[in-house]
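# Summary of structural features
The primary structure of each chain is shown beneath.
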Amino acid sequence: MDYKSSIAVLLTCHNRKDKTISSLTALYQCIIPEKFTFDVFLVDDGSTDGTSEAITSQFPSVNIIMGNGDLYWNRGMHLAWERASIAKDFDYYLWLNDDTFLVKEAISDLLSQNFPNAIVCGSTQSSESYNITYGGFNRNSNQLIIPDGTFQKADYCNGNCVLIPRKVFQVLGNLDYIFHHAVGDFDYSLRAKKNGIDLFLAPRYIGFCESHSEVPRWRSVSLSLRTRLKSLYSASSGCYPPQFFVFDKRHNGFFVACFHYCTIHLRAIIPSLWNLKLK
């Protein structure tokens, strides 16, 4: 029997059953190259909307791991990856957001060039505007890189759809558990660059995912100061100060981290400061 390379697809979800089912449906409709096979490891982080039951009914082969409801994205993905790596020494690990809907060619495109020592991230676009929403960034401009039909190098990436080969996992290990929800994906890809591991952008858009463009609660002028600060210090905050300080110090240095720690709080106290250039 010919050897088939194995892929562990990693997801985490919480109380958005319809999106999770749609994401899995799109995944299972993907064209898988002949010499590849995949298994799905999904963390259901305390859903109460029947997500696990629906997945078991429609996709019985999915390995469901129950969370405690307090994992959020990074720690949920950390648990999925941990369980997958214990179950088998996979050739590849594929991060997939449960609100990302792959096109049929997505996985084929990610694997279309052999990068055993590099990460490949996929770009997504809006199904309404067709504008780019997530993917790989150029660090100098902090702008998303538009797919151009070739494998372009990126500096860091969103975690919506990211392919990581075994050799990279052996060097970098899992996502850093210190991050609760946000910046774990940025941290992982930046750690890769520091270790001499290239990050490539897939040549075409791999699917659709709408941008979360609404103003965060922690800088909403319509909310009270107390509510804004409480939101800033919630696990789902994209700038949760203690964890963001760790990220910032690791990748931008101590003084930049201290500066941003102060400006984040200033912007929560006086949201209008968001429009000023405090970078």
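Please refer to the structure placed before this passage.
Let me begin by describing the structure that accompanies this report. (Residues numbered from 1 in each chain as written. Predicted model: local features only at pLDDT ≥ 70, side-chain atom pairs only at ≥ 80, totals over all residues. Heavy atoms only, no water.)

It is worth spelling out a nonpolar patch on the surface at this point. Taken together, the side chains of Leu225, Ile269 and Ile270 present a nonpolar region at the surface, about 240 Å² in accessible area. Along the chain, Ile269 turns up in helix H9 (residues 254-269). (Patch = residues over 30% accessible without salt bridge, like charges linked within 9 Å, V, L, I, M, F, W, Y side chains within 5 Å. Areas by Shrake-Rupley, 256 points an atom, 1.4 Å probe, with all protein chains shown as cover. Salt bridge = Lys/Arg side-chain N within 4 Å of Asp/Glu carboxyl O. Helix = DSSP H or I, 4+ residues; strand = E, 2+ residues; numbered from the N terminus.)

Moving on to the pattern of salt bridges. Tallying each qualifying case throughout the model produces nine salt bridges. Arg166 is paired through a salt bridge with Asp91; the nearest N and O atoms lie 2.9 Å apart. Of the two residues, Arg166 is situated in helix H5 (residues 166-172) and Asp91 in the loop between helix H3 (72-87) and strand E4 (92-96); the sequence distance between them amounts to 75 residues. The partner of Asp198 in a salt bridge is Lys153, and the shortest N-O contact between them spans 3.5 Å.

Turning our eyes to something else, we now look at the packing of aromatic side chains. Each aromatic ring pair is specified by the distance between its two centres and by the angle formed by the two planes. Evaluated as defined, the whole model comprises 24 aromatic pairs. Look at Phe41 and Phe90: their rings are 5.7 Å apart centre to centre, the planes differ by 85°, and that puts the pair in the edge-to-face class. In this pair, Phe41 sits in strand E2 (residues 36-44) while Phe90 sits in the loop between H3 and E4, placing the two residues 49 residues apart along the sequence. According to the relative accessible area criterion, Phe41 is buried, its value standing at 6%. Of the residues examined, Phe90 reaches a relative accessible area of 1% and is grouped as buried. Arranged with centres 5.9 Å apart and planes meeting at 75°, the rings of Trp81 and Trp95 form a pair that is edge-to-face. Remark: Trp95 occurs in strand E4 and Trp81 occurs in helix H3; sequence separation between them is 14 residues. Both residues of the pair, Trp81 and Trp95, count as buried. Every member of this aromatic cluster is reached through a ring pair, and the members are Phe41, Trp73, Trp81, Phe90, Tyr93, Trp95, Phe169 and Tyr188. Sitting over the face of the ring of Tyr177, Arg75 holds its NZ or CZ atom 4.6 Å from the ring centroid. (Phe/Tyr/Trp six-rings, centres within 6.5 Å; stacked < 30°, edge-to-face > 60°. Buried < 20%, exposed > 50% of the residue type's maximum accessible area, 1.4 Å probe, protein only. Lys NZ or Arg CZ within 6 Å of the ring centre and 35° of its normal.)

This part covers the side chain of Ser220. Residue position: Ser220 is located in the loop between strand E13 (199-208) and helix H7 (225-232). What Ser220 contacts, discounting residues up to four positions off in sequence, is Val215 and Arg228. (Contact = heavy atoms within 4.5 Å.)

Right, let's get into the pairing of E2. Consecutive side chains along a regular strand alternate between the two faces of the sheet. Taken across its nine residues, E2 has seven buried, putting it largely inside the fold. Pairing of strand E1 (residues 5-13) with E2, which is carried by nine bridges, proceeds in the parallel orientation. Bridge assignment links Ser6 to a residue of E2, and that residue is Thr37. Read as a crossover between parallel neighbours, the route from E1 over helix H1 (residues 17-28) to E2 is right-handed. The handedness of the E2 to strand E3 (residues 63-66) crossover, carried by helix H2 (residues 51-58), is right-handed. (Pairing = 2+ DSSP bridges. Right-handed = clockwise from strand over helix to strand, strands pointing away.)

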